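Okay, here's what each chain looks like letter by letter:
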Amino acid sequence: MSRKLPIIHGIVERDEGRNRIEELDLEFSNGERRRYTRMKSRGHGAVIIAAIPDPDTVLLIREYACGVHRYELGLPKGRIDAGETPLEAANRELKEEAGFGSRRLTMLRPLTLAPAYMGHQTHLVLAEDLYPERLPGDEPEELDVIPWRFDALHELMLREDFSEGRALAALFIVREYLQRRVAGSGDA
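Just so it is clear, the model here is predicted, and its values are computed rather than measured.

The rules we used
- Residues numbered from 1 in each chain as written.
- Predicted model: local features only at pLDDT ≥ 70, side-chain atom pairs only at ≥ 80, totals over all residues.
- Heavy atoms only, no water.
- Pairing = 2+ DSSP bridges.
- Helix = DSSP H or I, 4+ residues; strand = E, 2+ residues; numbered from the N terminus.
- Axes fitted to C-alpha atoms, helices over the stretch in contact; angles between N-to-C directions.
- Core = buried A, V, L, I, M, F, W, Y, C linked by side-chain atoms within 4.5 Å.
- Buried < 20%, exposed > 50% of the residue type's maximum accessible area, 1.4 Å probe, protein only.
- Expected span 1.5 Å × (residues − 1).
- Arc of directions from axis to C-beta.
- Contact = heavy atoms within 4.5 Å.
- Salt bridge = Lys/Arg side-chain N within 4 Å of Asp/Glu carboxyl O.

### Thoughts on the sheet that holds strand β6 (residues 70-74)
Taken in spatial order, the three strands line up as β6-β5-β10 in an open sheet, and their pairing is antiparallel. Only two strands of the sheet have a single neighbouring strand rather than two, namely β6 and β10 (144-149). Between one strand axis and the next, the sheet turns through 30° on average, direction left out of account. Relative to β10, strand β5 (residues 57-65) runs antiparallel, the two sharing six bridges. Looking at β10, one finds that Arg62 is bridged to Asp144.

Right under this line is the structure:
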């Protein structure tokens, strides 16, 4: 059953430090009226990249994570710069963080962090047909690149140093996508 979206009667915007906050005056289909607050994205979105050197392996990176003050495993990711498409941003970030470019990029889907109050989206990109190429990035140190087998995702998801939900969700989405692609080609 699909519901009719609430009517927006007004939006009040304000800046709070680095964040832009929107307060929405909403009217729902049953006549109820409420104010909802959301953080508005200031940028052009972000990308998270599943770089696949072979069908059974994905490249992880290990980098310092300030929020939890430790080194974390994850996928290459970053902001989309002005004028870039998500696929261009994915290839740039992959070169900066993992030292590889991709000849075959596929947009899989957007992911959200907290859609109830944030508009930010991260585009999940599958990168295949990799080749070595490094671009200077904004990281203070070179990142470790760790190949990880898809058949060992159950081990990865239990590691303390792999805690980002977007990366975990992305890996399971990519694994499912690759399995369906193989099954659809008759190779399975």
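This is not the end of the story, as more comes after the structure.
### Digging into the nonpolar core
If you look at the biggest cluster of nonpolar residues, it comprises 22 residues, and the most contacted ones within it are Val58 and Leu60. Residue contributions to this core peak at five residues, all from helix α3 (residues 165-185). In terms of nonpolar packing, the next biggest core, distinct from the first, is built from 14 residues, Val47, Leu59, Ile61 and Ile80 among them.

### Digging into α3
The terminal C-alpha atoms of α3 lie 30 Å apart, and with 21 residues this matches the ideal 30 Å at 1.5 Å per residue to within 8%. Considered for burial, the residues of α3 that qualify are Arg166, Ala167, Ala170, Leu171, Val174 and Leu178. Angularly, the buried residues of α3 cover 130° about the axis, an arc narrow enough to put them on a single face. Exposed residues on α3 whose side chains face more than 90 degrees from its buried face are Arg180 and Gly184. If you follow the buried residues of α3, they end up packed against β4 (46-51), β5, β7 (77-79), β8 (100-112), β9 (121-132) and α2 (153-156).

### Observations concerning helix α1 (residues 86-98)
Turn by turn, an α-helix covers 3.6 residues, leaving residues three or four places apart pointing in a common direction. Under the 1.5 Å per step criterion, the end-to-end length of α1 is 17 Å for 13 residues, consistent within 8% with the ideal 18 Å. Counting buried positions along α1 yields 10 of 13 residues, so the element is predominantly enclosed. For α1, the complete set of buried residues consists of Ala89, Ala90, Asn91, Arg92, Glu93, Leu94, Lys95, Glu96, Glu97 and Ala98.

### A word on the pattern of salt bridges
Scanning the entire structure with this criterion turns up 25 salt bridges. The salt bridge partner of Glu32 is Arg34, with a shortest N-O separation of 2.6 Å. We classify Glu32 as partly exposed; its relative accessible area is 39%. Glu72 is the salt-bridge partner of Arg70, the closest N and O atoms lying 2.6 Å from each other. Judged by relative accessible area, which is 31%, Arg70 ranks as partly exposed.

### Examining the environment of Arg175
Within the secondary structure, Arg175 sits in helix α3. Overall, Arg175 belongs to the partly exposed group, its relative accessible area being 27%. Sequence spacing of Arg175 and Ala50 is 125 residues, and the spatial spacing of their C-alpha atoms is 9.8 Å. Leave out the neighbours within four places in its chain, and Arg175 touches Phe150 and Leu153.

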